[in-house]
Amino acid sequence: MGERGDFGRLKLDVRMNLTSPAAATQASRAVREQELRAAESPAVLVRNLEKTYVTARGELTLFRALDLVVAPGELIAIVGQSGTGKSTLLHILGALDAPSAGTVYCASTNIAELKSKEAAAFRNRSIGYVWQFHYLLPEFTAQENVAMPLLARGLTKRDAMAQAASWLREVGLEERAAHRPGELSGGEQQRVALARALVNNPRLLLADEPTGDLDETTAGQIFDLIQRVHASHGLTSILVTHNMELAARCTRTLRLEGGRLMEVHP
Ligand SMILES: Nc1ncnc2c1ncn2[C@@H]1O[C@H](COP(=O)(O)OP(=O)(O)OP(=O)(O)O)[C@@H](O)[C@H]1O
Ligand SMILES: [Mg+2]
């Protein structure tokens, strides 16, 4: 069976699980309906994910039969204690790390089937990443940093720089285009990082504690910006955060605990 057929079967499988009579309590019905909608045409579909690291000191199992269904357009917050595997989960969704077992469809792509060249193209085109640390290249200007993913895709420097300028405008930094990262504030660096993450028009934004290094006010402003571009560009976004106030502003909050994701109810 081809990739599409597998995807269709998985969606059916998710629907059947979600509509079991045991799940139909009053309290969980609204959440179930939301999950059901997500299962119709998910942006992210994770089934029975397992991840075990083998280290010199033995095995470390992070995920046990972890499931996740995200509908297009959702802005999901993932919370959980340090070391539970939140970053590892984002790495797996973004094809930066491999599952030990289970199925991961992200933007209709079966991550496990990607060969290394395809994985690189998938990361470049389909996924936008923002990390806690901006990882901007210090010797290049803000505009050049934003242009990098476009140059990697083969655009001319002229076109890449023009699109980068437009994205810098979108994140409110057109006046800082010629600044190097060392000449920008922490909040401005994250704005550049967000522009760089989205310049290729990915469908999915993965952000790992994007406001973790910022003061409360700046963190709020960066979250506002993420929320704005999420809506205006029709993104599906998954955001890891330790900030419960920001998490409460997302469409859903999930807690990673004991190797699984659980809904956090407001
Ligand atoms: N490549 C690796 N090899 C072995 N163990 C790893 C590897 N990467 C991560 N780990 C371990 O997996 C666990 C989960 O790490 P991860 O970074 O995903 O946690 P986290 O939930 O993001 O934590 P934090 O909130 O502190 O960022 C940690 O105990 C970490 O030491
Ligand atoms: Mg982490």
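This report concerns the structure included in the present document. (Residues numbered from 1 in each chain as written. Chains lettered and ligands numbered in written order. Predicted model: local features only at pLDDT ≥ 70, side-chain atom pairs only at ≥ 80, totals over all residues.)

1. Section: the environment of Ala178
This is how the line gets drawn: Working definition: helices are DSSP H or I runs of at least four residues, strands are E runs of at least two. Numbering for both runs from the N terminus. The burial criterion counts other C-beta atoms lying within 10 Å of a residue's C-beta, which is placed from the backbone; the residue is buried at 20 or more, exposed at 12 or fewer, and partly exposed between these limits. Here contacts are defined at the residue level, using C-beta atoms placed from the backbone and a cut-off of 7 Å between them.
Looking at where Ala178 falls in the secondary structure, it is placed in the loop between helix 6 (157-170) and helix 7 (186-198). On the basis of neighbour count, Ala178 is assigned to the exposed category, with 10 C-beta atoms found within 10 Å. Taking the C-alpha atoms as reference points, Ala178 and Phe140, separated by 38 residues in sequence, lie 8.8 Å from one another. Among residues more than four places away in sequence, those in contact with Ala178 are Thr141 and Gln143.

2. Things to note about the packing of helix 5 (residues 142-152) against helix 7
Axes are the key here: two packed helices are described by the angle between their axes and the distance separating the axes. Put simply, the test is: With axes taken as lines fitted to C-alpha atoms, and helix axes fitted only over the stretch in contact, angles between N-to-C directions fall between 0 and 180 degrees. Should an angle fall under 35 degrees it is taken as roughly parallel, and over 145 as roughly antiparallel, whereas 65 to 115 is taken as roughly perpendicular and any remaining angle as oblique. In this scheme the handedness of a crossing depends on how the near helix is turned from the far one: anticlockwise by less than a right angle means left-handed, clockwise means right-handed.
At their nearest, the axes of helix 5 and helix 7 sit 7 Å apart, and the two run at 25 degrees to each other. Judged on the interaxial angle alone, helix 7 and helix 5 are roughly parallel. Helix-helix and strand crossings are classified by hand; for helix 5 and helix 7 the assignment is right-handed. Listed contacts from helix 7 to Ala142, Asn145, Val146, Met148 and Pro149 of helix 5 are Val192, Ala195 and Arg196.

3. Let's talk about the site of ligand 1
Here is the rule we go by: As used in this record, a residue near a molecule or strand is one whose C-beta atom, placed from the backbone, is within 6 Å of it. Polar here means any residue other than Ala, Val, Leu, Ile, Met, Phe, Trp, Tyr, Cys and Pro, which are nonpolar, and Asp, Glu, Lys and Arg, which are charged; Gly is therefore polar.
Tyr53, Thr55, Leu60, Leu62, Gly80, Ser82, Gly83, Thr84, Gly85, Lys86, Ser87 and Thr88 make up every residue found near ligand 1. Of all the elements in the fold, those that place two or more residues in the shell around ligand 1 are strand 1 (44-55), strand 2 (58-70) and helix 3 (86-93). No other element matches the 3 residues that helix 3 contributes to the shell around ligand 1. The class makeup of the residues in the shell around ligand 1 is 3 nonpolar, 8 polar and 1 charged.

4. Things to note about the sheet that holds strand 9 (residues 252-257)
Condition: Should DSSP find at least two bridges between two strands, the strands are taken to pair.
Spatial ordering of the open sheet is given by 6-7-8-3-9-10, a layout of 6 strands whose pairing is mixed. Either end of the sheet is taken by a strand with one partner, and the two such strands are strand 6 (127-130) and strand 10 (260-264). Put simply, the sheet's adjacent strands are angled 20 degrees from each other on average, direction ignored. In the sheet, strand 6 pairs with strand 7 (residues 204-208) via 4 bridges, with the strands oriented parallel. Of the residues in strand 7, the one forming a bridge with Val130 is Ala207.

5. Some thoughts on the environment of Ile92
Summarising the element assignment, Ile92 is placed in helix 3. Among the residues examined, Ile92 registers 24 C-beta atoms within 10 Å and is labelled buried. In this structure the C-alpha to C-alpha distance between Ile92 and Ala112, which are 20 residues apart in sequence, comes to 9.7 Å. Setting aside anything within four residues of it in sequence, one finds Ile92 in contact with Lys51, Asp97, Pro99 and Val104.

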